[in-house]
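# Summary of structural features
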Amino acid sequence: MKILVPVKRVIDYSVKARVKSDQSGVELNNVKMSINPFDEIAIEEAIRLKEAGTASEVIAVSIGIEKTQETLRTALAMGADRAILINATDSVDVDIEPLAVAKLLAKVTAEEAPGMVILGKQAIDNDMNATGQMLSALLGWSQVTYASKIEVDGDTLNVTREVDDGLQNITAKMPAVVTADLRLNEPRYVKLPNIMKAKKKPLEMKTPEDYGIDVSPRLAVQSVVEPPARAAGIKVESVTELLDKLKTEAEVLS
Amino acid sequence: MAEEIERDVMEFDVLIVGGGPSGLSAAIRLMQLAQESEQEISVCLVEKGSEIGAHILSGAILEPTALNELIPDWKEKGAPLNTPVGAEKIMFLSETGAVSTPQMFMPPAMHNHGNYIISLGNFCRWLGEQAEALGVDVYPGFTAAKTLYNADGSVKGIQTGDMGIQRDGTPGPQYEPGMELHAKYTFFAEGCRGHLGKALKAHFDLEKDVQPQTYGIGIKELWEIDPAQHQPGLVVHTAGWPLKPDTYGGSFLYHLEDNQVAVGFVVGLDYKNPYLSPFEEFQRFKTHPKIRATFEGGRRISYGARALNEGGLQCLPKLTFPGGVLTGCDAGTLNMPKIKGTHTAMKSGMLAAEAAFEALQENAESPAAELTAFTEKFNNSWVYDELSAARNVRPSFKWGLWVGTLLTGIDQVLLRGKAPWTLQHGHSDHETLVHKDKAAPITYPRPDGKITFDKLSSVFLSGTNHEEDQPIHLTLKDASVPVATNLALYDGPEQRFCPAGVYEYVEDESKQDGSQRLQINAQNCVHCKTCDIKDPTQNIVWVTPEGGGGPNYPNM
């Protein structure tokens, strides 16, 4: 069984995101970019399934600017076998929308015929949490979201999901689209010789036109603003004053 | 922990430690020479930052001399030199006023015509791309944890840091042992006070014929300012207030593109008062009536700090030892009166590359152990001439700002750096603090959150991040020294000289008697190395944390 792992290049989680002064988006020039952490977990899971003998090949795919090659090289250094980059834009500021991404991934899935697609539950840049769901709908495959444990048992998939009130164990029929949650695994550190080997692994360059998919946006961003700064607090002199302010100013007590 | 674990080994012709201007220029030069003579050479560069440029912080004004030699068509190749220096000012500040130095009295070294205001981080990112395109194996996110030696005592290479070691020192579930990188020559280009460079200087006694190095700490912020206040290309330097005349230091203020201003403050680490806080001096500087207006209505977008070498030629160690060399700021090639070290660091890397390439040409299998040709090339280069002309400026300030300025005027304007004498620096920086009872405490104004800030909100903007579950990388030789000496005699100066809030004296709850203990917030560390330099007891030893940790500076 092949496993397809879509990965996204996003602003690094340790970077303090800053909104551009024209409010058109988050500043991404000369900012550290890396693999979306949930996608990194997805890659790790696919590699573990391969190491366990369940999967035969792990293919990483990404959609974005040419530099996204670096993100795919990371996936290859971790242990993916080969990669595909669909070069859909030249601008780091263009975010390809989930529906276009899902349509492209459906085409890649049709070509590669994997038994499973594992991807992050969401990207940490736009937090859409939509691509996996859209992809499963387009493919007509089982949809398993927020996975924190995956077991493949022949044609069925036993998955533990993280839900609001605890853990949910479900079984699903293969083929399936699985989205990875934080606790699915802890990704490995990349070894230096593997980074070198990753440079020699195949990385195929494609365009959206190759798949006949229109990636032009359907959403218009009106403005992006930073959360309002928290107003400074005040010191109260006594408990009585505190209670008074909670009643009359904050109006949280009656 | 098991010391005898089996480590993977990789072999290279040349290994470079550090992806700054010096290391990257050396890597590029090696590849160019190999291509010109149609030879194969394997060059590996490791960098502890999460990516090339992540740990780079400088003013910065670039004098493009070395770049013109290294990559003459840098413009076509898209080097990020976007803002030529325009108007220039040097001001001496008093608490309320400022006197500008007329252009004619400015030492020639301080003229910046033909230079560029840049982000050195972005410049290094670009150099990194050039190096990779030429075939250098560039590995960011990997630390050089220790130097490896051959049986004959020569340097064999380095061992990269282990990953996934837990706080208590034991391997965690993700443990990945570091590997050995061996090379015929290892270039140490870690920047100022590199931790391997420091150990090598001691191991090979490289400083035995020179004076102790003297350092400064530079603290920098990047601002996006009101377009009405912005004047692309404007360069302002100040001396004087808020520092007392007995403390060496000053500010820089550079107007870049996109309404950005780089503002920073440098304090010589030979300062004497343990109550002095370079961070607070910098914050206070921004409130000067001649400075404040630049930042009114603006927004601070980044923060960071880094130590720099100020010693110059008198402090330059022996550059070579069997199996390796020191280049750039790891050796100490910064030109203090120019307040620039990028061009000299680049050139020293390029010269080391040429020496190594020639040695490999002569004997590819077992080339000469020590690259003495590097020292010869260095001594015959313009870097040496520059550092020689600059050598008397910094030490003249040991007599204070006014005498230093006068002597600098005589030395630089009248004698053009050709004085027949060489001034001495005197002490090592860790020896200069006076005891707390002989020093006047300094009260700094509270931050206003608009122009001035506290340390924690500042460190937040550096993007510093360290995996939490790892051993503390600010190590103490003796855990009892901080309270018994640093706190008792100097009132805990590490709380003030650290620009990132790493060191705090807090109540020792285990004792219940109100006594204090030193808390080390290692995750805040911005890798500036000031503690390793200024700790009066030299008890703090900076070692590499897990690879990829540390600041993530954008555009610094």
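Everything numeric in this text was worked out from a predicted model, so none of it was measured.

## Looking at the overall build of chain A
Per the secondary structure count, chain A includes seven helices and eleven strands. When its C-alpha atoms are laid out on the principal axes, chain A stretches across 70 × 45 × 40 Å. Each of the 254 residues in chain A was classed as buried or not, and the buried ones make up 39%. Contacts in chain A between residues at least 24 apart in sequence constitute 69% of all its contacts with a sequence separation of at least 6.

## Some thoughts on the overall build of chain B
The number of helices and strands found in chain B is 16 helices and 24 strands. Against the 2.2 N^0.38 benchmark of 24 Å for 556 residues, chain B shows a C-alpha radius of gyration of 23 Å, consistent with a compact globule. In terms of overall dimensions, chain B has a C-alpha envelope of 65 × 65 × 45 Å along the principal axes. Residues classed as buried in chain B amount to 54% of the 556 residues present. Sequence separation of 24 or more characterises 77% of the internal contacts of chain B that already satisfy a separation of 6 or more.

## Focus on the nonpolar core
Within the largest apolar cluster, 196 residues are counted, with the highest numbers of intra-cluster contacts made by Val5, Ala60, Ala75 and Ala80 of chain A together with Ala27, Leu30 and Ala356 of chain B. Setting aside its immediate chain neighbours within four residues, Ala356 of chain B contacts Val14, Leu30, Tyr185 and Leu371 of chain B.

## Observations concerning helix 12 (residues 401-414) of chain B
Over its 14 residues, helix 12 of chain B extends 19 Å from the first C-alpha to the last, a length consistent with the 20 Å expected when each residue adds 1.5 Å. In the segment just after helix 12 of chain B, Arg416 of chain B is the residue with positive phi, at about 55°.

## Observations concerning the sheet that holds strand 3 (residues 61-62) of chain B
All names here are of chain B. One open sheet holds the three strands; their spatial order is 3-7-4, and the pairing between them is antiparallel. Both edges of this open sheet fall to strand 3 and strand 4 (83-84), since each of them pairs with a single strand only. As paired strands, strand 4 and strand 7 (residues 116-117) are joined by two bridges and run antiparallel to one another. Its bridge partner lying in strand 7, Pro84 is registered against Tyr116.

## Some details on the interface of chain A and chain B
Between chain A and chain B, the contact holds 17 residues from the first and 26 residues from the second. Residues of the side of chain A that touches chain B, tallied by class, amount to seven nonpolar, three polar and seven charged.

## Some thoughts on the packing of helix 3 (residues 98-112) of chain A against helix 4 (residues 131-139) of chain A
All names here are of chain A. Their axes nearest at 8 Å, the elements helix 3 and helix 4 cross at an angle of 50°. Regarding the angle of helix 3 to helix 4, the classification is oblique. With respect to the hand of their crossing, helix 3 and helix 4 are arranged in right-handed fashion. Residues Pro98, Leu99, Val101, Ala102, Lys103, Leu105, Ala106 and Thr109 of helix 3 touch helix 4, and the partners they reach there are Thr131, Met134, Leu135, Leu138 and Leu139. When grouped by side-chain class, the residues that make up the contact of helix 3 with helix 4 number ten nonpolar, two polar and one charged.

## Description of the pairing of strand 14 (residues 215-224) of chain B
The side chains of a regular strand alternate, residue by residue, between the two faces of the sheet. Residues and elements named next belong to chain B. Of all ten residues that make up strand 14, nine are buried, and the element is covered over most of its length. Where strand 14 lies against strand 18 (residues 299-309), ten bridges are found, and the strand directions are antiparallel. Residue pairing for strand 18: Ile219 is matched across the bridge by Ala305.

## Some remarks on helix 9 (residues 372-379) of chain B
Residue and element names in this part refer to chain B. Buried within helix 9 we find Phe374, Lys377 and Phe378. Buried residues of helix 9, viewed axially, fall in a sector of 100°; they line one side. In this fold, the buried residues of helix 9 make contact with strand 19 (320-321), strand 20 (324-326), helix 8 (342-362) and helix 10 (382-390).

## Comments concerning the packing of helix 1 (residues 21-36) of chain B against helix 8 of chain B
Residues and elements named next belong to chain B. One can describe the packing of helix 1 onto helix 8 by two numbers: an axis separation of 7 Å at closest approach and a directional angle of 35°. Handedness of the crossing formed by helix 1 with helix 8: right-handed. In contact with Pro21, Ser22, Gly23, Ser25, Ala26, Arg29, Leu30 and Leu33 of helix 1, helix 8 contributes Thr342, Ala345, Met346, Ser348, Gly349, Met350, Ala352, Ala353, Glu354, Ala356 and Phe357. Residue composition of the contact of helix 1 with helix 8, grouped by class: eleven nonpolar, six polar and two charged.

## Focus: the environment of Glu132 of chain B
All names here are of chain B. Following the sequence through the fold, Glu132 ends up in helix 3 (residues 120-133). On the neighbour-count criterion, Glu132 (18 C-beta atoms within 10 Å) is partly exposed. For the pair Glu132 and Leu45, spaced 87 residues apart in sequence, the C-alpha to C-alpha distance is 9.9 Å.

## A short note on unusual backbone geometry
Here Met174 of chain A and Pro175 of chain A are connected by a cis peptide whose omega angle stands at -5°. Within the secondary structure, Pro175 of chain A is located in the loop between strand 9 (166-173) and strand 10 (176-180). Phi angles above zero are rare outside glycine, and Asp205 of chain B is one such case at about 50°. By the secondary structure assignment, Asp205 of chain B is in the loop between helix 4 (195-203) and strand 14.

## Digging into the environment of Phe187 of chain B
Residues and elements named next belong to chain B. With respect to the secondary-structure elements, Phe187 resides in strand 13 (residues 180-188). By the C-beta count within 10 Å, which is 31 here, Phe187 ends up buried. Contacts of Phe187, omitting those with residues within four sequence positions, involve Val14, Ile16, Val17, Gly23, Ala26, Gly324, Val325, Thr327 and Ala352.

## A few points about the sheet that holds strand 18 of chain B
Residues and elements named next belong to chain B. Read from one edge to the other, the open sheet built from seven strands follows the order 6-5-15-16-17-14-18, with strand pairing classed as mixed. Lying at the two open borders of the sheet, with one neighbouring strand each, are strand 6 (98-100) and strand 18. Across the sheet, the mean angle from the axis of one strand to that of its neighbour is 20°, orientation sign disregarded. On the sheet, helix 5 (residues 278-285) packs against strand 14, strand 16 (249-255) and strand 17 (260-268) and is oriented at approximately 135° with respect to strand 17.

## Structural notes on the environment of Lys32 of chain A
Inspection of the secondary structure puts Lys32 of chain A in the loop between strand 2 (9-11) and strand 3 (33-35). Separated by 204 residues in sequence, Lys32 of chain A and Val236 of chain A place their C-alpha atoms 43 Å apart. Not counting chain neighbours up to four residues away, the residues in contact with Lys32 of chain A comprise Asp12 and Val15 of chain A together with Ser50, Glu51, Ala54 and Asn552 of chain B.

## A look at the confidence of the model for chain B
Looking at chain B as a whole, its pLDDT mean stands at 94, while 99% of the residues score no less than 70. Reported for the predicted complex are a pTM of 0.94 and an ipTM of 0.88.

Rules and cut-offs
Residues numbered from 1 in each chain as written. Chains lettered and ligands numbered in written order. Predicted model: local features only at pLDDT ≥ 70, side-chain atom pairs only at ≥ 80, totals over all residues. Helix = DSSP H or I, 4+ residues; strand = E, 2+ residues; numbered from the N terminus. Buried ≥ 20, exposed ≤ 12 C-beta atoms within 10 Å, placed from the backbone. Contact = placed C-beta atoms within 7 Å. Rg over C-alpha atoms; globule rule 2.2 N^0.38 Å. Core = buried A, V, L, I, M, F, W, Y, C linked by C-beta atoms within 7 Å. Expected span 1.5 Å × (residues − 1). Pairing = 2+ DSSP bridges. Nonpolar A, V, L, I, M, F, W, Y, C, P; charged D, E, K, R; others polar. Axes fitted to C-alpha atoms, helices over the stretch in contact; angles between N-to-C directions. Parallel < 35°, antiparallel > 145°, perpendicular 65-115°, else oblique. Left-handed = near helix turned anticlockwise from the far one by under 90°. Arc of directions from axis to C-beta. pLDDT = per-residue confidence, 0-100.

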